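Chain by chain, the residues:
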Amino acid sequence: MTFTSSYASSGIILKDKKILLIKRDSNTKVYPNTWACPGGKQDEGETPKQTSTREIKEEINLDFKPTKLFSTGKYKSWDLHRFLGEWSGEIIAKEDEVSEYNWFSYENAIKLDLAFDYKEVIEMLHDGGFI
């Protein structure tokens, strides 16, 4: 029996009223060359929180501890989970998944070519005073 993931999780990483976004690699099948929060698909047996922690470590080398589910969304048949959380470490991007990364103010983030429903997520973060 093949395991098929039904959700993806990401972490919203904030610092000084800015959000960390990654540019998805050009070889990514879904939304190549667009900006998003670090995250990805669930592995078998993982909870959404565990997925966000693992994916952030894999993609950008940060230790992430989800503290609050900030938003949910849909992409095709997938459930998307976005977590706020605490983080530590030094950013080291995984080159075959992340072509670049940067910290963005709301005004700059909202102008980017954003993946999935991240425009709405960034608007919610701004409306909530996070960025």
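Look above for the structure.
Each value, and the rule that gives it
- Residues numbered from 1 in each chain as written.
- Predicted model: local features only at pLDDT ≥ 70, side-chain atom pairs only at ≥ 80, totals over all residues.
- Heavy atoms only, no water.
- Helix = DSSP H or I, 4+ residues; strand = E, 2+ residues; numbered from the N terminus.
- Rg over C-alpha atoms; globule rule 2.2 N^0.38 Å.
- Buried < 20%, exposed > 50% of the residue type's maximum accessible area, 1.4 Å probe, protein only.
- Core = buried A, V, L, I, M, F, W, Y, C linked by side-chain atoms within 4.5 Å.

This brings us to the overall build of the chain. Within the chain one finds three helices and eight strands. Traced from its N-terminal end to its C-terminal end, the chain shows the element sequence β-β-β-β-β-α-β-β-β-α-α. Over its C-alpha trace the chain gives a radius of gyration of 14 Å, about what one expects of a compact globule, namely 14 Å for 131 residues. Structurally, the chain occupies a C-alpha span of about 45 × 30 × 30 Å along its principal axes. Looking at the chain as a whole, 44% of its 131 residues are labelled buried.

One finds Ile-12, Ile-19, Leu-21, Ile-122 and Leu-125 to be the most contacted residues of the largest nonpolar core, which totals 19 residues. Those elements that place two or more of their residues in this core are strand E3 (18-24), strand E4 (35-36), helix H2 (106-109) and helix H3 (118-127). Examining the composition of this core, we find that four residues originate from one element, H3, more than from any other. Residues Leu-20, Phe-64, Ile-91 and Val-98 belong to the second largest nonpolar core, which totals eleven residues.

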